[in-house]
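One letter stands for each residue in the lines below.
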Amino acid sequence: MKFPESWLREHVNVTANRAELAAALTAIGLEVEALEVIGAQLDGVLVGEIVAAARHPEADRLQVCQVDIGNGEPLQIVCGAPNARLGLKAPLAMIGASLPGGMQIGAAKLRGVASSGMLCSAKELGIDADASGLFELPANARVGSSLSDLLALPDARFELKLTPNRADCFSVRGIAFDVAAALGSTVKPLAIGAAAVQVDSQIAVTLSAGNDCPLYVGRVIERVNAAAATPLWMSERLRRSGVRPISLLVDITQYVMLELGQPMHAFDADLLTGPIGVRRARAGESVTLLDSREVKLDGEFLVITDADRVVGLAGVMGGMDTRVTASTQRVFLEAAHFAPDAVIGRARKLGMHTDAAHRFERGVDPALPALAIERATQLIVELGGGQPGPVTPTYAEQSIQAPMPVTLRRQRLARVLGASVSDAEVSRILTALGMQVVEAADGWQVTPPSSRFDIAIEEDLIEEVARIHGYDKIPLSAPTGEIHLPALPEQHIDAGLHRQQLAARGYFEAINFAFLDQRVLAAWQLNAQAVALANPLSSELGVMRTALAPGLVDALKRNLARQQSRVRLFELGRVFAAASGAPIETPRIAAVATGGARSEQWSAGRRDVDFFDLKGDLQSLRGLAGVDDLSFVSAAELGWLHPGRSACVQLAGVAIGWIGHLHPRLLKALDIDRDVVAFELDLEPLSQREIAKASELSRFPSVRRDLALVVAETTPWSQLEACLRNALGSRLQQLVVFDRYVGPGLESACKSLAIGLILQDVSRTLTDEDADLAVTAALEALSRECGAKLRG
């Protein structure tokens, strides 16, 4: 919200200087994001009138102007502005003047012609960003007068960074109430009387949008001089508020919006056939807006219609076909109340941002439309003439809810703030903010104004008292109550331990958006249950992620593009799947790796990371539970994984995720030219563990027997391991694989695995006969269940 200091002081009496005013605004939560002084160095800048203009003899783009400053002898000024012309009044910086930015004005010669000063643009004067030509002054400006006196300078432009709950402060009048409360003053009464009705012109209004538009106020004004110039005081206030003056009628609606907070629109009544309507748009309808864009509509948009023809987007922007122009003679003013839910996101959906939508999305006071109509009528009649018709408010069947009283208890206020605020101060603060305050035995009954949508419960009133009374006046003291830390169950493994484990193994944590491009999920074949966003930030972030891996791989790709040859990333986060009700959220953990298995070093050769490296990292996560009971089975049905170098991860026979090399086809689609290994698991199963129990260590020595087995290449190790553990039971203390061989001497599609069986008993020393019987039992089970045989 931008506004000039002079405009605010016109609404509230305060003696604070500019710095004190800025500090007070920030202290009460209306953060001053920028403060710009306007016209502080304009001594020696006068109003001049060009009484003669001729082309420069040596330069086509320059003119030699004779400028009258009221002392009888015109000054010769060489000027290159395209709008310099006979009769124009513009600012003239005299010799010796110092302009903002440090420019010193002195006598000069331009292409051999003397120039005794400089005609100025608004940018050169530091009062606006417009540098396209000379700053044109009104025809009635007194020649030779000080420009500072004419423009009421110096002034200052405040820019506030408002929070979404303070919709009432998107107007100078709304800010004035907060300033009055903070600085112990009162807001000046607003002198807006009802205009005398001079004609009976009316346009009927029909509301068909229910709660989306419960109130629509209109008025016809006849015989308006729309070509009249916007007065300098109004155009300057608009310009200092960041609004470019356009024409009288448009400027008045903008001025009322900035002053009171009510967006308005002016129609050319001669271009309306009536009745005016408010309804939801129909599929396929379109409208050409004031910015000349034709937009396609659907049922989400609220529209203004004229005899069922769409002539504007409610709460966003009016239409081109019914706009007011300099030839307009009959004006239809509208000021309506639109519910925030009916406007929010509509402008953004069209790639637009308008002042009206910005206000309606946050909530506009439903009491303002009638007042805004009267204020705009007052200004139109004063500046452009005209004969007003009657104000015609139209209400929908759904009524606007009046603000409900809120109880503020004295003891509750003191307890929450930790400080005592006098009753008189509490009443003063709340009254100054425009609230109705009635004292009660234990506190106050407070009815907020209709503009304060953020006041609903007692804590809201406490916050109002705290911020106006001053947070700096609340004593700093540590809480005395005992803080009870939650007792986490021993069976739970905190997610922080998983982070530490992967970080210790050389991974960096990544944090990605929870939404991504639908096309990325389609490339991964993970878009079946994707949840589409109703109002995405952009088309590239249109759906919620169904897996962590796509985002991680995208981050890996960006690292590779920045010359990082060895990348190892992990992420903990939630994934989302569509369901009949709310989307299902599942916590997951995922990791991706590419490049060398180890950092570059001299003691070992380079080897790329592979399936088994990542499998070890994954198993270390389960190792936090003190067990290694994960199993790995074929993952042929997962299309994004390499079919021969991947696996589905199971825990107690239940699939909890996957691991493996990404499919070459996917890597090509993602434009990645190297192998990438990844895993992704549900986090909840990894976060549970059994409480450790002590057991007696065997006092007897172990026995080791090594076997060389030949099995089919497709037989997974997990199947062999399960078979051996079932066959040997508790005597099998450890099982190791110490060699794998494929090649000459073996049948095709077979592999040889060298396995070490470490046997031990807790009650006696095992004999050679015991070990031989165990080996025989193991071989029989392996042959029967896995088709394995001893290698000859």
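Worth saying up front: this structure is predicted, and the values here are computed from it rather than measured.

Q: Could you give an account of the overall build of the protein, naming the residues involved and the relevant values?
A: Looking only at helices and strands, the protein has 22 helices and 40 strands in total. Its C-alpha atoms give the protein a radius of gyration of 39 Å, more than 25% over the compact-globule value 28 Å for 792 residues. Counting over 792 residues, the protein shows a buried share of 49%. Here the contacts in the protein between residues at least 6 apart in sequence split such that 69% fall between residues at least 24 apart. For the protein, the exposed area adds up to about 38800 Å²; of that, 51% sits on carbon and sulfur atoms. Distance between charge centroids for the protein: 4 Å, based on 77 positive and 93 negative side chains.

Q: So what about the packing of aromatic side chains? Which residues, and what values?
A: Following the criterion strictly, the structure yields eight aromatic pairs and no others. A ring pair is formed by W7 and Y255, whose centres lie 4.6 Å apart and whose planes are at 20 degrees; its orientation type is stacked. Residue W7 is found in helix α1 (residues 5-9), and its partner Y255 is found in helix α7 (residues 248-260); the two are separated by 248 residues along the sequence. Given a relative accessible area of 0%, Y255 falls into the buried group. Through successive ring pairs, a cluster of aromatic residues spans W7, W233 and Y255. Here the basic side chain of R410 rests over the ring of W444, its NZ or CZ set 5.2 Å away from the ring centre. For K615, the ring lying beneath its charged end belongs to F632, and the centroid distance is 4.6 Å.

Q: Tell me about the nonpolar core, residues and numbers included.
A: Counting 113 residues, the largest nonpolar core has I175, Y216, L313 and F338 as its most contacted members. Counting residues per element, this core draws most heavily on α7, at seven residues. Setting aside residues no more than four positions away along its own chain, I175 makes contact with M1, F3, L8, L25, L30, L160 and C169.

Q: Any details on the packing of α7 against helix α10 (residues 355-362)? Residues and values, ideally.
A: Contact geometry of α7 with α10 gives a least axis separation of 12 Å together with a crossing angle of 35 degrees. With respect to the hand of their crossing, α7 and α10 are arranged in left-handed fashion. Between α7, through Q254, M257 and L258, and α10, the contact on the second element is made entirely by D355, A356 and R359. Residues belonging to the contact of α7 with α10 are distributed by class as follows: three nonpolar, one polar and two charged.

Q: I'd love a proper account of the pairing of strand β20 (residues 309-313), names of residues and values included.
A: Of all five residues in β20, four are buried; the element is thus mostly enclosed. Alignment of strand β19 (residues 302-306) against β20, held across four bridges, turns out to be antiparallel. Among the inter-strand pairings, I304 is bridged to a residue of β20, identified as G312. Between β19 and the antiparallel strand that follows it, β20, lie two residues; A307 among them carries a positive phi value of about 55 degrees. Hairpin remark: β20 followed by strand β21 (residues 317-318), antiparallel, with three residues in the connecting loop; positive phi at G315, about 75 degrees.

Q: So, the sheet that holds strand β40 (residues 789-790): which residues are in play, and what are the values?
A: If you trace the four strands from one edge of the open sheet to the other, you get β38-β39-β37-β40, paired in antiparallel fashion. Looking along the sheet, the strands with just one partner apiece sit at the ends: β38 (732-741) and β40. As paired elements, strand β37 (residues 703-712) and β40 share two bridges and run antiparallel to each other. Note on β40: the bridge partner recorded for L709 is L790.

Q: Before we move on, can you summarise the packing of α7 against helix α11 (residues 368-384) with the specific residues and values?
A: Orientation of α7 relative to α11, taken along the N-to-C sense of each, is 140 degrees, at an axis distance of 10 Å. Judged by the inter-axis angle, α7 sits oblique to α11. Handedness of the α7/α11 crossing: right-handed. Packed against α7, whose contacting residues are L248, L249, I252, Y255, V256, E259 and L260, the element α11 presents L368, L371, A372, R375, A376, L379, I380, L383 and G384 at the interface.

Q: Explain unusual backbone geometry to me, and be specific about the residues and the numbers.
A: Cis geometry is adopted by the peptide bond preceding P154, which originates at L153 and carries an omega value of 5 degrees. Topologically, P154 is positioned in the loop between α4 (147-151) and β12 (155-161). Here the bond from G274 into P275 is cis, since omega is -5 degrees, no more than 30 degrees from zero. The phi dihedral of A152 is positive, around 55 degrees, even though this residue is not glycine. With respect to the secondary-structure elements, A152 resides in the loop between α4 and β12.

Q: So what's going on with the pattern of salt bridges? Residues and values would help.
A: Using the criterion set out here, one finds 58 salt bridges in the structure. Across the pair D617 and R568 runs a salt bridge whose closest N-O atoms are separated by 3.2 Å. Residue D617 is located in helix α18 (residues 611-623), and its partner R568 is located in strand β31 (residues 567-577); the two are separated by 49 residues in the primary sequence. Taken individually, D617 and R568 each receive the classification buried, so the pair is uniform in this respect. A salt bridge links E747 to K789, with the nearest nitrogen and oxygen atoms 3.5 Å apart. Of this pair, E747 sits in the loop between β38 and β39 (750-759) while K789 sits in strand β40, placing them 42 residues apart in sequence. Judged by relative accessible area, E747 falls into the exposed class, the value being 52%. According to the relative accessible area criterion, K789 is partly exposed, its value standing at 46%.

Q: Which residues make up the pairing of β37, and what values do they have?
A: In summary, the side chains of a regular strand alternate between the two faces of the sheet. Two elements, β37 and β39, share ten bridges in a ladder whose sense is antiparallel. Residue pairing for β39: V710 is matched across the bridge by S752.

Q: So what about the sheet that holds strand β6 (residues 89-93)? Which residues, and what values?
A: Pairing in this open sheet of five strands is antiparallel, and the strands run β5-β4-β3-β6-β11 from one edge to the other. Either end of the sheet is taken by a strand with one partner, and the two such strands are β5 (75-79) and β11 (118-119). Where strand β4 (residues 59-68) meets β5, five bridges bridge the pair, whose relative direction is antiparallel. Bridge pairing links Q63 to C79 in β5.

Q: Tell me about helix α15 (residues 495-504), residues and numbers included.
A: Restricting attention to buried positions, one finds in α15 the residues G496, H498 and L502. One face of α15 carries all of its buried residues, which in axial projection span an arc of 155 degrees. Those residues of α15 that are exposed and angled more than 90 degrees off the buried face are Q500 and A504. Looking at the buried side of α15, the elements it contacts are β31, β32 (584-594), α18, β36 (677-682) and α20 (683-686). A distance of 2.8 Å separates the backbone nitrogen of G496 from a side-chain oxygen at the start of α15, and that oxygen is part of D494. Backbone geometry just downstream of α15 places G506 in the positive-phi region, at approximately 95 degrees.

Conventions and cut-offs
- Residues numbered from 1 in each chain as written.
- Predicted model: local features only at pLDDT ≥ 70, side-chain atom pairs only at ≥ 80, totals over all residues.
- Heavy atoms only, no water.
- Helix = DSSP H or I, 4+ residues; strand = E, 2+ residues; numbered from the N terminus.
- Rg over C-alpha atoms; globule rule 2.2 N^0.38 Å.
- Buried < 20%, exposed > 50% of the residue type's maximum accessible area, 1.4 Å probe, protein only.
- Contact = heavy atoms within 4.5 Å.
- Areas by Shrake-Rupley, 256 points an atom, 1.4 Å probe, with all protein chains shown as cover.
- Lys, Arg positive; Asp, Glu negative; His and termini not counted.
- Charge placed at Lys NZ, Arg CZ, Asp CG, Glu CD.
- Phe/Tyr/Trp six-rings, centres within 6.5 Å; stacked < 30°, edge-to-face > 60°.
- Lys NZ or Arg CZ within 6 Å of the ring centre and 35° of its normal.
- Core = buried A, V, L, I, M, F, W, Y, C linked by side-chain atoms within 4.5 Å.
- Axes fitted to C-alpha atoms, helices over the stretch in contact; angles between N-to-C directions.
- Left-handed = near helix turned anticlockwise from the far one by under 90°.
- Nonpolar A, V, L, I, M, F, W, Y, C, P; charged D, E, K, R; others polar.
- Pairing = 2+ DSSP bridges.
- Parallel < 35°, antiparallel > 145°, perpendicular 65-115°, else oblique.
- Salt bridge = Lys/Arg side-chain N within 4 Å of Asp/Glu carboxyl O.
- Arc of directions from axis to C-beta.
- Polar contact = N/O pair within 3.5 Å; in protein donor to acceptor, adjacent residues only side chain to side chain.

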